[in-house]
Every structure is written in C-alpha cells, then in structure tokens.
Amino acid sequence: MKIRKLWWWLRLLLRRPFFNKIGKSSYLGPSVSLIGTKNITIGNQVRIFPGNRMETYNSGTIIIEDNCSIGQNFHIISDKTNLLIGKNTTISGNVFITNVNHSYEKIDIHILEQPMKNIETTIGDNCFIGFGVAIQAGTKLGKQCIVGSNSVVKGEFPDYSVIVGSPAKIIKTFNKETLQWEKV
C-alpha cells in the first residue's frame, strides 16, 4: 500500500502545473475525470482515493483545505461559483458534492437544455461526511457537522450538528453548556 500511495503522490506532483495549487504531502489516486484543474486548489496533506471525478466549469472553483481525507468514487462539480471543503474534513466513499442545480421550469424543453443555477456550497472544518451522501447546491455545513450515510443534504446547518436522512434533517446538536450531544 505504501508504494501505491507513493505512486499517487508522484502522479499528483507531475500534475501540479495543471492545478491552481497543490499543497505538500498530498496525494491523488487514479482519477476517472479531471476537468478544469486550473480552478482546483488542494491543500497540504490531502488524501484523495481512486475513482475520483473533479470538474470545474465557467470559472467555478473547488478548494479542498488542509488535512482532508476523501474516499473512493468521489464526484465533485463546481460551475461559476465557489465550492469549499474545510480543513480536517473526512469524506467517505461514493459521495457527490455540487454547487449546480438544473433548471426545469420550462416544461417543453429538455432539462439538459435549460440553464444551470449556481449556488455556492460550503463544508465547514472538521466535518465527517458518511458513505453515499449527496450534498446539493447551496448547502452550507457549519464546523464539526456529521452527515449520516446515504443522506441527501440541502440547506444551511449550524456548527456541531448531526444530520441524517433524505431529505437530511438535524437529529442532534452539541450543547456547549452541558458538553453533551442532545437529540433535537
């Protein structure tokens, strides 16, 4: 495994000129697709496992801050606005994150021929995103949020929230007075 990760690090080092920025000690497993890498910033000690698909369009940006770990089959899309993943965040496998919504208002026109809606998406520091989660455009997760597996997340969620379901809802928050996680 160490030799494989060393190869992943070397591959990312060779790709460095094609990205906006790549921090120290980061590595990238084999990718399915990398589009618009000049608008992708990868911080220090970021680990991205195989099967990743990262896409930016029309000056959209993806910023992955320091010390993030991202599981296999990760898919992220940014178009026209920013998409930020805060430092020390762990993202499990098969996760999809976007800042793009399809318009569907015109019923006589195919959805893929209608304009896109772009809304900034932000994931705070120290978050944990479970397996199979979909984070939709415009989502804002505060710091230290935990998102349960297979959740579909859209909206704003405060710091120290446990979020689960489809659609995702807060089920617990951290009470700073009692220093306990409490059901909502």
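Located above this text is the structure these notes cover.
This structure is a prediction, so every number in the text was calculated from the model and none was measured.

Attention shifts here to the overall build of the chain. Looking only at helices and strands, one finds 1 helix and 24 strands in the chain. Principal-axis analysis of the C-alpha atoms gives the chain an extent of 50 × 50 × 25 Å. Split into buried and exposed, the 184 residues of the chain put 43% on the buried side. Across the chain, contacts joining residues at least 24 apart in sequence account for 15% of those joining residues at least 6 apart.

Take the pairing of strand β7 (residues 61-64) next. In terms of strand pairing, strand β4 (residues 40-42) meets β7 through 3 bridges, oriented parallel. By the bridge assignment, I40 is partnered in β7 with I62.

The full count for this structure, using the stated rule, is 2 salt bridges. With its nearest N and O atoms 2.6 Å apart, the salt bridge here joins R53 to E55. Look at E55 and you get buried, because its relative accessible area is 4%.

A cluster of nonpolar side chains, contributed by L6, W7, W9, L10, L13 and L14, occupies part of the molecular surface with about 580 Å² of accessible area. Assignment of secondary structure puts L13 in helix α1 (residues 2-15). Since its relative accessible area comes to 32%, L13 is described here as partly exposed.

So, on to the pairing of strand β24 (residues 180-183). Bridging between strand β23 (residues 168-175) and β24 involves 4 bridges; their strand directions are antiparallel. Residue F174 lies in a different strand from β24, and its bridge partner there is W181. Between β23 and β24, which pair antiparallel in sequence order, lie 4 residues; one of them, L179, sits at a positive phi of approximately 60°.

What follows concerns the nonpolar core. Counting 32 residues, the largest nonpolar core has I64, I85, I97, I129 and L141 as the members making the most contacts within it. Contributions of two or more residues to this core are made by β4, β7 and β10 (82-85). When near neighbours in sequence (up to four residues on either side) are disregarded, I97 contacts F74, H75, I76, I77, L83, I85, I91, T121, I123 and I135.

A few words now on the packing of aromatic side chains. For the structure on display, the rule yields 5 aromatic pairs. When the centroid spacing of 6.0 Å and the interplanar angle of 85° are considered together, the rings of Y27 and F49 count as edge-to-face. Of the two residues, Y27 is situated in strand β2 (residues 27-28) and F49 in the loop between β5 (47-48) and β6 (52-57); the sequence distance between them amounts to 22 residues. Note on accessibility: Y27 and F49 belong to one class, buried. The rings of W8, Y27 and F49 are connected pair by pair, giving a single aromatic cluster.

Now for the side chain of S151. Mapped onto the fold, S151 is located in the loop between β19 (146-147) and β20 (152-153). Within polar-contact distance, the side chain of S151 engages the backbone oxygen of G148 at 2.7 Å. Apart from residues no more than four positions distant in its own chain, S151 is found in contact with G132, V133, A134, I163, V164, G165 and A168.

This part is about the sheet that holds β24. In space, the 9 strands of this open sheet follow the order β2-β5-β8-β11-β16-β19-β22-β23-β24, with mixed pairing throughout. The sheet is open, and its two edges are formed by β2 and β24, each paired on a single side. As defined by bridge partners, β2 adjoins β5 across 2 bridges and the pair is classed as parallel. Bridge pairing in β5 places Y27 opposite R47.

Turning to the environment of V46, a few remarks are in order. Here V46 is to be found in the loop between β4 and β5. Sequence spacing of V46 and N58 is 12 residues, and the spatial spacing of their C-alpha atoms is 25 Å. Setting aside its immediate chain neighbours within four residues, V46 contacts S25, S26, Y27, I64, E65, D66, N67 and C68.

What counts and how
- Residues numbered from 1 in each chain as written.
- Predicted model: local features only at pLDDT ≥ 70, side-chain atom pairs only at ≥ 80, totals over all residues.
- Heavy atoms only, no water.
- Helix = DSSP H or I, 4+ residues; strand = E, 2+ residues; numbered from the N terminus.
- Buried < 20%, exposed > 50% of the residue type's maximum accessible area, 1.4 Å probe, protein only.
- Contact = heavy atoms within 4.5 Å.
- Pairing = 2+ DSSP bridges.
- Salt bridge = Lys/Arg side-chain N within 4 Å of Asp/Glu carboxyl O.
- Patch = residues over 30% accessible without salt bridge, like charges linked within 9 Å, V, L, I, M, F, W, Y side chains within 5 Å.
- Areas by Shrake-Rupley, 256 points an atom, 1.4 Å probe, with all protein chains shown as cover.
- Core = buried A, V, L, I, M, F, W, Y, C linked by side-chain atoms within 4.5 Å.
- Phe/Tyr/Trp six-rings, centres within 6.5 Å; stacked < 30°, edge-to-face > 60°.
- Polar contact = N/O pair within 3.5 Å; in protein donor to acceptor, adjacent residues only side chain to side chain.

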